[in-house]
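Listed below are the residues making up each chain.
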Amino acid sequence: METRLLLPTKENIKKVGCALRDGMLAGIPTETVYGLAANALDGKAVAQIFEAKGRPMDNPLIVHISDFSQIERFSLVSEIPEKAYKLAERFWPGPLTVIMPKGTAIPDEVSAGLDTVAVRFPSHPVTKAVITAADRPLAAPSANTSGSPSPTTAGHVYHDMQGKIPYILDGGICEVGVESTVVTLCTPVPMLLRPGGITLEQLKDVLGEVEVNDAVLHQLKDGEKAESPGMKYKHYAPKADLILVKADNEKYIGFVNERADEKTGALCYDEDVPYLNVKTFAFGGKDDYTSQANRLFDALREIDETDVQTVYGRCPDTQGLAMAVYNRLIRSAGFEVIELA
Ligand code: AMP
Ligand code: MG
């Protein structure tokens, strides 16, 4: 199959919207990362997403809408919890996914057999226009091959999906750069399942108490149930061996330079670059969490363009938006962290 990269003109948005309604797949920009979209009400169309990504069938998808009223209009949920209205009022459209009790229209392929469904109202004008053109809610996971870093440019999507999907809409670089925050309203106390562009602190501000699922910051133990199935898989990994180093600036730089050779790299902060004697992959300023989220996946993909074999990464902070960066990076590193006292 030929994969066509299209600019998001009115005509192309209409073309892609119609293709989606007819059961085809398309790569689309969102404010978080690029999505691989299909008509969420069409189980057969959705099944193709799992095939194109090589995604395990037990990992459910997020359903994207372009207007709050579509939740009821398309019977996406069986009940809209009171707290969902509060979250929507504050954070939608935006990078927040809310898990609610599943409605009758949701095919099993979308919910992976769970009795809940994940819903998001994105803010990117192209995403909203495509959903509206399709006149269907769109199931859309990140448009990468399963296990690889999520795509933040149309070029990343082309790299992973070339020959597998008919269309990619090129909307430039994604603003947030990490996937949406996922919060469930189906537990006794709302629970953060995946950190993202909306921070834990922001959620607490609206909901009061919010629990943080164990898998957000720690590796699940053998046999432990994943509340969010996606959190149990190794993810976002470059081909090189990535090891995180928890240390201050000086110790990190010393540690890496002691091991310097042409097969070693550093996934570091911008400020570290002049001091390191290895190939560097900078992913933002030390205290600039916004730029870290924005550049992380591109930096991870950049590692794959070189022949470095071992990469020592800075271990990010865990507050604010950095929690999302930390959550992705510990998975990229397969939870391998060296702590220097
Ligand atoms: P992605 O589509 O790649 O952004 O991944 C979606 C994430 O949301 C995965 O981690 C899923 O496991 C999670 N997710 C989607 N639907 C549900 C659900 N009904 N319950 C819990 N987690 C979900
Ligand atoms: Mg993903």
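Here, the structure is the one placed above.
Let us look at the structure shown here. Not measured: the values here are computed from a predicted model. All residue numbers here refer to positions counted from 1 along the written sequence of the relevant chain. Chain letters and ligand numbers both follow the written order, the letters beginning at A and the numbers at 1. Only residues with pLDDT of at least 70 get local features here, since the model is predicted, and only at 80 or more are side-chain atom pairs given and counted; chain-wide, interface and lining totals rely on the full set of residues. As a rule here, side-chain values cover all heavy atoms of the structure and leave hydrogens and water aside.

**Thoughts on the site of ligand 1**
Then comes step 1: To be near a molecule or strand, a residue needs just one of its heavy atoms within 4 Å of it. Ligand 1 sits among 18 residues. The nearest are Asn-59, Thr-116, Pro-141, Arg-194 and Gly-230.
Then comes step 2: Pairing of N or O atoms within 3.5 Å defines a polar contact, subject to two protein rules: one partner must be a possible hydrogen donor and the other a possible acceptor, and residues neighboring in sequence count only if both atoms are side-chain atoms. Interatomic distance of 2.8 Å between a side-chain N/O atom of Asn-59 and an oxygen atom of ligand 1.
Then comes step 3: For ligand 1, an oxygen atom lies 3.0 Å from a polar atom in the side chain of Arg-194.
Then comes step 4: When isolated, ligand 1 has an accessible area of 500 Å², and the protein chains bury 95% of it.
Then comes step 5: Here a helix means four or more residues in a row that DSSP labels H or I, a strand means two or more in a row labelled E, and each is numbered from the N terminus. For the shell around ligand 1, the elements supplying multiple residues, two or more each, are β6 (116-120) and β10 (191-194).
Then comes step 6: It is β6 that contributes the most residues to the shell around ligand 1, three residues altogether.
Then comes step 7: The residue classification treats Ala, Val, Leu, Ile, Met, Phe, Trp, Tyr, Cys and Pro as nonpolar and Asp, Glu, Lys and Arg as charged. All others, Gly included, are polar. Per-class residue counts for the shell around ligand 1 are 10 nonpolar, five polar and three charged. Residue exposure ignores everything except the shown protein chains as possible cover, and the areas themselves are Shrake-Rupley values with a 1.4 Å probe.

**Some details on unusual backbone geometry**
Then comes step 1: The omega torsion across Trp-92 and Pro-93 is -5°, close enough to zero to call that bond cis.
Then comes step 2: Mapped onto the fold, Pro-93 is located in the loop between α4 (82-91) and β5 (96-101).
Then comes step 3: The residue Ser-75 is not glycine, and still its phi comes out positive at about 50°.
Then comes step 4: If you trace the backbone, Ser-75 turns up in the loop between α3 (70-73) and α4.
Then comes step 5: Even without glycine at this site, Phe-335 takes up a positive phi of about 65°.
Then comes step 6: Overall, Phe-335 belongs to the partly exposed group, its relative accessible area being 25%. With a 1.4 Å probe rolled over the protein chains alone, any residue whose accessible area is under 20% of its type maximum counts as buried; one over 50% counts as exposed, and the rest are partly exposed.

**Describing the pairing of β5**
Successive residues of a regular strand alternate their side chains across the two faces of the sheet.
Then comes step 1: In terms of residue burial, β5 counts as a mostly covered element, since five of its six residues are buried.
Then comes step 2: Two strands pair if DSSP finds at least two bridges between them. Note: β5 against strand β9 (residues 181-184), four bridges, orientation parallel. Directly across from Ile-99, in β9, lies its bridge partner Thr-184.
Then comes step 3: In terms of strand pairing, β5 meets β6 through five bridges, oriented antiparallel. Paired with Ile-99 across the strands is Ala-118, a residue of β6.

**Comments concerning helix α9 (residues 249-258)**
Every α-helix carries 3.6 residues per turn, so stepping three or four residues along brings you back to the same face.
Then comes step 1: Three or more residues of α9 are buried, namely Tyr-252, Ile-253, Phe-255 and Val-256. Across the axial projection of α9, the buried residues extend over an arc of 160°, all falling on one side. Among the exposed residues of α9, those pointing more than 90 degrees away from its buried face are Glu-250 and Glu-258.
Then comes step 2: Two residues form a contact once any of their heavy atoms are found within 4.5 Å. Where the residues of α9 are buried, they touch β12 (241-246), β13 (264-268), β15 (310-314) and β16 (337-339). Directions are taken from the helix axis to each C-beta atom, and the arc is the one they span.

**Some details on the packing of α4 against helix α8 (residues 200-207)**
Then comes step 1: Here, axes are lines fitted to C-alpha atoms. For helices the fit covers the stretch in contact, and angles between N-to-C directions go from 0 to 180 degrees. Direction vectors running N to C along α4 and α8 enclose 125°, while the axes themselves pass 10 Å from each other. When the axis of α4 is compared with that of α8, the two are oblique. Here α4 and α8 pass one another in a crossing that is right-handed. Touching Lys-83, Lys-86, Leu-87, Arg-90 and Phe-91 of α4 are Gln-202, Leu-203, Asp-205, Val-206 and Leu-207, all from α8.
Then comes step 2: Grouping the amino acids of the contact of α4 with α8 by side-chain chemistry returns five nonpolar, one polar and four charged. Should an angle fall under 35 degrees it is taken as roughly parallel, and over 145 as roughly antiparallel, whereas 65 to 115 is taken as roughly perpendicular and any remaining angle as oblique. Take the far helix as the reference: if the near one is turned anticlockwise from it by less than a right angle, the crossing is left-handed, and if turned clockwise, right-handed.

**Let's talk about α4**
Then comes step 1: Residues of α4 that are buried include every one of Ala-84, Leu-87, Ala-88 and Phe-91, and no others. Down the axis of α4, the buried side of the element spans an arc of 100°, and every buried residue falls inside it. Those residues of α4 that are exposed and angled more than 90 degrees off the buried face are Glu-82 and Glu-89.
Then comes step 2: Looking at the buried positions of α4, the neighbouring elements they touch are β5, β9 and α8.

**Quick look at the packing of aromatic side chains**
For any pair of aromatic rings, the description rests on two quantities: the centre-to-centre distance and the angle between the ring planes.
Then comes step 1: In this analysis, rings of Phe, Tyr and Trp, with Trp reduced to its six-membered ring, are considered paired at centre separations within 6.5 Å, and the interplanar angle assigns stacked below 30 degrees, edge-to-face beyond 60, and tilted for intermediate values. Counted by the stated rule, this structure contains six aromatic pairs.
Then comes step 2: Both rings, one in Tyr-236 and one in Phe-297, keep their centres 5.3 Å apart while their planes meet at 25°; by these two values the pair is stacked. Pair noted here: Tyr-236 is in the loop between β11 (211-212) and β12 and Phe-297 is in helix α10 (residues 289-304), with a separation of 61 residues, a long-range link. Both residues of the pair, Tyr-236 and Phe-297, belong to the buried class.
Then comes step 3: Connected via pairs of aromatic rings, a cluster forms that spans Phe-68, Tyr-85, Trp-92 and Phe-121.

**Overview of the side chain of Gln-292**
Then comes step 1: Within the secondary structure, Gln-292 sits in helix α10.
Then comes step 2: Engagement of the side chain of Gln-292 in a polar contact is seen with the backbone oxygen of Gly-285, the distance being 2.8 Å.
Then comes step 3: Excluding anything up to four places from it in sequence, Gln-292 contacts Tyr-269, Phe-283, Gly-284, Gly-285, Lys-286, Asp-287, Pro-316 and Val-325.

**Description of the sheet that holds β16**
Then comes step 1: Pairing is parallel in the open sheet, where five strands are placed in the order β14-β13-β15-β12-β16. Looking at which strands have only one partner, the edges of the open sheet turn out to be β14 (279-282) and β16. With direction set aside, neighbouring strand axes in the sheet form an average angle of 25°.
Then comes step 2: Direction of pairing for β12 relative to β16: parallel, over a ladder of three bridges.

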